[in-house]
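# Report on the structure
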Amino acid sequence: MAEPGRLEVKAVSKSYSVPGRARLDALVNASFDVAPGAFVSLVGPSGCGKSTLLRLIVGLDKDYEGDILLHGERIAGTSLTRGIVFQDHRLLPWLTLEQNIGLALANADWSPERKAQTIREHIALVGLQGFEKAYPHELSGGMAQRGAIARGLVGQPEILLLDEPLGALDALTRVRLQEELQRIWRVEGVTMILVTHDVDEAIFLSDTVVVMNANPGRIVKQIRVDLPPGPRDRVSTGFAALKREILEAMGETVAQHPAAPALPVEA
Ligand SMILES: Nc1ncnc2c1ncn2[C@@H]1O[C@H](COP(=O)(O)OP(=O)(O)OP(=O)(O)O)[C@@H](O)[C@H]1O
Ligand SMILES: [Mg+2]
């Protein structure tokens, strides 16, 4: 696998001009660093510029101020060195799972044998052996999302960008896939940047949580997660303290739940 990516986001600003509307500051002066092999989450309310930032890092949009550097070099355009996974799996319905994953290698200068072998390895990595010839409609939501993760990793990127990849899944599948994602991150040694609305998910998975806020989109705090490496105990005091700190940085008031009154017990 490639060297895990070292990413520097330096004073990045991005605005959108839509005819007939005021210019919108989607991102103002955002800076953070991601060490090689780190797991960083971006959390914040809707519209704070999380997807905008990922689009810039993946190289889909070059029209911004500031610098985004990978190993010290400015990112220019998309590349196999950066994979991305979206909230919806985006697998093409007329292609099998292995063909869908293979699409990510269309521009790779690899032999057909190396492509086939790498596709097989990544299907195994996400636990989908036996489903190589299955079409997307034959997969559950969780399985399709595993397929999307395999597609994001098959080009052996230095960085995997994940834009709410588990957002559309039910709570149980989501927790299971968080554990899977952590295992995959360890095995692959790839740098991961995850966008999520779910503060628990961010604390469970990350070394660092970057907290953002909207109007204008900006980074308000970077919080190091100093809990023992996973699987982390989601009900520990340390976990709860970090959750409170993150929610406060997001401007959320943490609800105080008074202890429920005891119910009278029938004799
Ligand atoms: N192509 C575009 N043209 C104009 N405005 C855009 C464009 N893309 C995003 N925006 C605006 O930029 C702001 C940030 O959008 P972005 O999609 O980055 O937010 P987000 O944090 O990912 O939100 P969500 O959690 O809802 O996905 C929003 O106000 C959005 O309307
Ligand atoms: Mg988004």
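Here, every reference points to the structure presented above.
Residues numbered from 1 in each chain as written. Chains lettered and ligands numbered in written order. Predicted model: local features only at pLDDT ≥ 70, side-chain atom pairs only at ≥ 80, totals over all residues. Heavy atoms only, no water.

Scanning the protein chain from terminus to terminus reveals 7 helices and 10 strands. For 267 residues, the compact-globule estimate of 2.2 N^0.38 gives 18 Å, and the protein chain sits close to it at 20 Å. By principal-axis analysis of the C-alpha atoms, the protein chain measures approximately 70 × 55 × 40 Å. Within the protein chain, the fraction of its 267 residues that count as buried is 48%. (Helix = DSSP H or I, 4+ residues; strand = E, 2+ residues; numbered from the N terminus. Rg over C-alpha atoms; globule rule 2.2 N^0.38 Å. Buried < 20%, exposed > 50% of the residue type's maximum accessible area, 1.4 Å probe, protein only.)

Of all hydrophobic cores here, the largest spans 47 residues; its most connected members are Met192, Ile203, Val211 and Ile246. Element by element, the count of residues in this core is highest for helix H4 (residues 141–153), at 6 residues. If we ignore the near neighbours within four places in the chain, the residues touching valine 211 are Val43, Arg218, Ile219, Val220, Lys221, Ile223, Ile246, Ala249 and Met250. The next biggest cluster of nonpolar side chains, apart from the first, holds 29 residues, and it includes Val12, Val34, Leu53 and Ile84. (Core = buried A, V, L, I, M, F, W, Y, C linked by side-chain atoms within 4.5 Å. Contact = heavy atoms within 4.5 Å.)

Moving on, we get to the sheet that holds strand S2 (residues 24–34). Across the sheet, 4 strands lie side by side as S2-S1-S4-S5; this open sheet has antiparallel pairing. At either end of the open sheet lies a strand with only one pairing partner, and these are S2 and strand S5 (73–74). Of the pairings in the sheet, the one linking strand S4 (residues 65–70) to S5 comprises 2 bridges and is antiparallel in character. For leucine 70, the partnering residue across the bridge sits in S5 and is glutamate 73. Set on the sheet, helix H1 (residues 50–58) makes contact with strand S1 (7–16), S2 and S4; between it and S1 the angle comes to about 120°. (Pairing = 2+ DSSP bridges. Axes fitted to C-alpha atoms, helices over the stretch in contact; angles between N-to-C directions.)

On to the environment of proline 157, then. Its place among the elements puts proline 157 in the loop between H4 and strand S7 (159–163). For proline 157, a relative accessible area of 2% translates into the label buried. Put simply, proline 157 and glutamate 188 are 31 residues apart on the chain and 9.8 Å apart in space, counted from C-alpha to C-alpha.

In space, the 6 strands of this open sheet follow the order S6-S7-S8-S3-S9-S10, with mixed pairing throughout. Every interior strand has two partners, whereas the edge strands, strand S6 (82–85) and strand S10 (218–224), have only one. Within the sheet, the average angular offset between the axes of one strand and its neighbour, ignoring direction, is 20°. Its contacts with the sheet put H1 on strand S3 (39–43), S6, S7, strand S8 (191–196) and strand S9 (208–213), and the angle it makes with S7 is roughly 155°.

On to unusual backbone geometry, then. Going from asparagine 215 to proline 216, the amide bond is cis rather than trans, its omega being -5°. With respect to the helices and strands, proline 216 occurs in the loop between S9 and S10. Within the chain, asparagine 29 stands out as a residue other than glycine whose phi angle is a positive 50°. The residue asparagine 29 is located in strand S2 in this model.

Within the secondary structure, aspartate 207 sits in the loop between helix H6 (199–205) and S9. For the buried aspartate 207, no salt bridge is present, and the opposite-charge side chain at shortest range is arginine 224, 4.9 Å distant. If near-sequence neighbours (up to four positions away) are discounted, aspartate 207 is found in contact with Ala38, Phe39, Trp185, Ile223, Arg224 and Val225. (Lys, Arg positive; Asp, Glu negative; His and termini not counted. Salt bridge = Lys/Arg side-chain N within 4 Å of Asp/Glu carboxyl O.)

In this structure the tally under the stated criterion is 1 aromatic pair. Here the aromatic rings of phenylalanine 39 and tryptophan 185 are separated by 5.4 Å at their centres, their planes lie at 90°, and the arrangement is edge-to-face. Residue phenylalanine 39 is located in strand S3, and its partner tryptophan 185 is located in helix H5 (residues 171–188); the two are separated by 146 residues in the primary sequence. With respect to class, phenylalanine 39 is no different from tryptophan 185; both count as buried. Residue placement shows arginine 114 over the ring face of tryptophan 110; its charged tip is 3.7 Å from the ring centre. One cation-aromatic arrangement involves arginine 234 over phenylalanine 204; the distance from NZ or CZ to the ring centre is 3.8 Å. (Phe/Tyr/Trp six-rings, centres within 6.5 Å; stacked < 30°, edge-to-face > 60°. Lys NZ or Arg CZ within 6 Å of the ring centre and 35° of its normal.)

What follows covers the pairing of S8. If a strand is regular, its side chains alternate between the two faces of the sheet. Most of S8 sits out of view: 6 of its 6 residues are buried. Along S8, one buried face is formed by Thr191, Ile193 and Val195 and the opposite face, lined by Met192, Leu194 and Thr196, is buried too. Sheet topology note: the S3/S8 ladder contains 5 bridges and is parallel. Bridge pairing links valine 43 to threonine 196 in S8. Direction of pairing for S7 relative to S8: parallel, over a ladder of 5 bridges. Looking at S8, one finds that leucine 162 is bridged to leucine 194.

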